[in-house]
Amino acid sequence: DEEFATSEPITFKVTGPRPDLRPFALGASALLLLVILGIIGFFLLVRPRPSLEITLLPPPSAVQGEPATYTLSVTNVGSQPAANLSIHYTLPDTIVAATAYVPGETLRHCDILDFERRIRCDLDTLDVEKTAQVDFLVVPGPASQTITNTLAFTVSAQLGETTSILPVNPKA
């Protein structure tokens, strides 16, 4: 067995000015504040939100004076529901009559705004990975050779705290 001897305590005196810890504390506080603001900013930029994918399927052909059906589908491919979803269709001059409906739905409805030659369909809330469909039944006029729907459809929805209006580019 080994034995250790105890010695007398060693003492010494420190001279000079006391260290000022305020700059260190201020720097550490500033760094902590930057980290917190960075985390908040990250969550504001990448927080879950809805994202809409919009598809318009026109009829392959239409006969003057006979009904033809456009189908507009809106799919929420985001990570949050899209609230207050509505679709607006401005009738081209070549359409003499139109109506719209949401297949299989009684609470989701479409209104014809005659004086503005527009149809508005209110779809309420579209949940994540769900699709809403609206069928537009249109009648081409007697002088119609081509129906052009340039920017005739728009979709608006509450996307987080912002209401966005999205133009629909028809896909043939």
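Residues numbered from 1 in each chain as written. Predicted model: local features only at pLDDT ≥ 70, side-chain atom pairs only at ≥ 80, totals over all residues. Heavy atoms only, no water.

Enquirer: It is not clear to me how unusual backbone geometry should be interpreted in this structure. Could you clarify?
Expert: Trans is the common state for peptide bonds, and a negative phi is the common state for residues other than glycine. For Asn 84, which is not glycine, the phi dihedral falls at a positive 55°. As for its placement among the helices and strands, Asn 84 is situated in strand β3 (residues 82-90). For Glu 129, which is not glycine, the phi dihedral falls at a positive 60°. Examined against the element boundaries, Glu 129 turns out to sit in the loop between β6 (118-126) and β7 (131-140). (Helix = DSSP H or I, 4+ residues; strand = E, 2+ residues; numbered from the N terminus.)

Enquirer: What exactly am I supposed to notice about the sheet that holds β7 here?
Expert: Two orientations exist for strands paired in a sheet by backbone hydrogen bonds: parallel and antiparallel. The antiparallel open sheet is built from 4 strands, whose spatial order is β1-β2-β7-β4. Of all the strands in the sheet, just β1 (52-57) and β4 (95-101) have a single pairing partner and so form its edges. Recorded for the sheet is a direction-independent mean angle of 20° between the axes of neighbouring strands. Summarising the sheet, strand β2 (residues 68-76) and β7 pair through 8 bridges and their orientation is antiparallel. Note that in β7 the partner of Ser 73 across the bridge is Gln 133. (Pairing = 2+ DSSP bridges. Axes fitted to C-alpha atoms, helices over the stretch in contact; angles between N-to-C directions.)

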